[in-house]
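The primary structure of each chain is shown beneath.
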Amino acid sequence: MEMLVVQDLVKKYPTFTLDHVSFTLEKGYIMGFIGRNGAGKTTTLKSMLNLVRPESGHVTVLGKDFATDEFACKQKIGFMFGGVDYYPRVRLREIASVMSRFYVDWDQPAFEGYLRRFGLDSAKRAFELSDGMKVKFALALALSHHAQLLVLDEPTSGLDPVSRDDLLELFQELIEDGEKSILFSTHITSDLEKCADFVTYIKDGRIIECTDKDELLASYRIVKGRGDQLSSTLSSRLIGCRSTPLGFTGLIRTSDLQAGPSTGAGVSSELDVSPASLESIMIHVERG
């Protein structure tokens, strides 16, 4: 079943346009949302949730039209955005008490369980939290009303490697019952390689990839070689190629690689061809 459907979302600013963004997330899966700073990730998430008003587009959550049934949809969504500041002198338990009034299914024992899991003290005041602790607290709030869809903007930002790994493990636990889905944006592409099922890639306000993570990784290769091995045919096929006096490195679509010592793409068997990571794909596509 479709958890989230985003169709032709458009949001215009004087210097940026979110251009007919569309993607679908099924129940029981994790989707990573990637793109460089300013590509439109946060604008997409906020437009989806009507936190900024898009010019056009259609969003459904569990089959419900977001525009006509926003309250019911938001009861099923747990969302977290970076840069949220709480009243500095207010205790965490008091912030949670206010938040709980917005959700009919608020689960106080669950909230207290997440605080223990994240090592947070509800008696602390907001100003006493580090950036990483603020992220954990925001997540505890987002997870405590039995949301079926989690929409998270940079949830691992500010966390140390151990805390990030714990969080990714929690994500995988949450979707095990097949009833929940997670959409999260991140710059830490290694996190996606650990837990994401699908990847949506946005560039300059447009979706350029929306596919199974493993299929995306399998569809590209990194090619390295000496400068004299960079033929004009190969150069025309490489994405984001970087050349130095010592040689070159570029990204190529796997479909352009064929068996044989020398292919139609000009790829010699003497070249170093290796698997691409999400990070290397993103770097070379942005260069290209």
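Cut-offs applied
All residue numbers refer to position in the chain's written sequence, counted from 1. Under the rules for a predicted model, residues below a pLDDT of 70 receive no local features and side-chain atom pairs below 80 are neither given nor counted, while totals for whole chains, interfaces and linings still include all residues. In computing side-chain values, all of the structure's heavy atoms are included and hydrogens and water are not. The pairing criterion for strands is at least two bridges between them, as found by DSSP. Each helix is a run of H or I in the DSSP string that is no shorter than four residues. Each strand is a run of E no shorter than two, and both are numbered from the N terminus. Any residue under 20% of the maximum accessible area for its type is buried, any over 50% is exposed, and the rest in between are partly exposed; the area is computed with a 1.4 Å probe on protein chains only. In this tally, Asp and Glu contribute negative charge and Lys and Arg positive charge; neither His nor the terminal groups of the chain are included. When a carboxyl oxygen of Asp or Glu is within 4 Å of a side-chain nitrogen of Lys or Arg, the pair counts as a salt bridge. Between N or O atoms, a polar contact is any pair within 3.5 Å; within protein, one atom must be a potential hydrogen donor and the other a potential acceptor, and residues adjacent in sequence are included only when both atoms are from side chains. By the convention used here, residues are in contact when the closest approach between their heavy atoms is within 4.5 Å. A helix is expected to span 1.5 Å multiplied by its residue count minus one. Each direction from the helix axis to a C-beta atom contributes to the arc, which is the arc of those directions. To get an axis, a line is fitted to the C-alpha atoms, and for a helix only the part in contact is used. The angle between two axes follows their N-to-C directions and goes from 0 to 180 degrees. Aromatic pairing here means that ring centres of Phe, Tyr or Trp (its six-membered ring) are within 6.5 Å. Orientation follows from the plane angle: under 30 degrees is stacked, over 60 is edge-to-face, and everything else is tilted. Geometrically, a charge over a ring is one whose NZ (Lys) or CZ (Arg) sits within 6 Å of the ring centre while staying within 35 degrees of the ring normal.

*Asks:* How would you explain the pairing of strand β4 (residues 56-61) if you had to name every residue and give the values?
*Replies:* The pairing of strand β1 (residues 2-13) with β4 spans five bridges and is classified as antiparallel. Following the sheet pairing, V6 is matched in β4 by V59. Where β4 meets strand β5 (residues 64-65), two bridges bridge the pair, whose relative direction is antiparallel. Paired with V61 across the two strands is K64, which belongs to β5. Connecting β4 to the antiparallel partner β5 that follows it, the hairpin turn spans two residues, and L62 within it adopts a positive phi of roughly 50°.

*Asks:* Hey, could you go over the side chain of K41 for me, with residue numbers and the actual values?
*Replies:* Summarising the element assignment, K41 is placed in helix α1 (residues 41-48). Of the side chains bearing the opposite charge, E154 lies closest to the buried K41, which forms no salt bridge; the N-O distance is 4.7 Å. A polar contact of 3.4 Å, which involves the side chain of K41, links it to the backbone oxygen of R36. Contacts of K41, omitting those with residues within four sequence positions, involve F33, I34, G35, R36, E154, S185, H187 and I202.

*Asks:* Tell me about helix α6 (residues 161-174), and name the residues and values.
*Replies:* In a regular helix each residue adds 1.5 Å, so 14 residues correspond to 20 Å; α6 covers 20 Å between its end C-alpha atoms and thus fits that length. Residues of α6 that are buried include every one of S163, R164, L167, L168, L170, F171 and L174, and no others. All buried residues of α6 lie within an arc of 155° about the axis, which places them on one face of the element. Every exposed residue of α6 that faces more than 90 degrees away from the buried side is listed here: P161 and V162. Elements in contact with the buried residues of α6: β3 (30-34), α4 (108-118), α5 (131-143), β7 (149-153), β8 (181-185) and α7 (189-195). Looking at where α6 begins, the residue whose side-chain oxygen comes 3.0 Å from the main-chain nitrogen of V162 is D160.

*Asks:* How would you explain the sheet that holds strand β10 (residues 206-212) if you had to name every residue and give the values?
*Replies:* Strand order in the open sheet formed by six strands is β6-β7-β8-β3-β9-β10, with mixed pairing between adjacent strands. Here the strands that pair on one side only, and so sit at the sheet edges, are β6 (77-80) and β10. On average, adjacent strands in this sheet sit at an angle of 15° to one another, irrespective of strand direction. Sheet topology places β3 next to strand β9 (residues 198-203); four bridges connect them, and they run parallel. When the bridges of β9 are listed, M31 appears paired with F198. Lying over the sheet, α1 contacts β3, β7, β8 and β9, oriented at roughly 145° with respect to β7.

*Asks:* Pulling in residues and values, what's your account of the pattern of salt bridges?
*Replies:* Taken as a whole and assessed by the stated rule, the structure comprises 12 salt bridges. We note a salt bridge from D19 to R206, for which the minimum N-O separation is 2.7 Å. One end of the pair, D19, is in strand β2 (residues 16-26); the other, R206, is in strand β10, with 187 residues separating them in the sequence. Note on D19: relative accessible area 22%, which makes it partly exposed.

*Asks:* Just give me the short version of the packing of aromatic side chains, but keep the residues and values in it.
*Replies:* What characterises a pair of aromatic rings is the spacing of the ring centres plus the angle enclosed by the ring planes. Evaluation of the coordinates by the stated rule reveals eight aromatic pairs. Between F23 and F33 the ring centres are 6.0 Å apart and the planes differ by 40°, which places this aromatic pair in the tilted class. With F23 in strand β2 and F33 in strand β3, this pair connects stretches of sequence that are 10 residues apart. The exposure class assigned to F33 is buried, which follows from its relative accessible area of 0%. With 5.4 Å between their ring centres and 55° between their planes, F171 and F184 make a pair best called tilted. Separated by 13 residues along the polypeptide, F171 in helix α6 and F184 in strand β8 bring together distant segments of the chain. By the burial criterion, F171 is buried, and F184 matches it. Following the ring pairs from residue to residue traces out a cluster consisting of Y86, W106, F111 and F137. The cationic tip of K11 hangs over the ring face of Y13; the distance from NZ or CZ to the ring centre is 5.1 Å. Lying over the aromatic face of F81, K46 brings its terminal NZ or CZ to 5.8 Å of the ring centre.

*Asks:* Give a description of the sheet that holds β4 that names residues and reports values.
*Replies:* The antiparallel open sheet is built from four strands, whose spatial order is β2-β1-β4-β5. Where the open sheet ends on each side, the last strands, each with one partner, are β2 and β5. α1 contacts β1, β2 and β4 of the sheet and is inclined by roughly 115° relative to β1.

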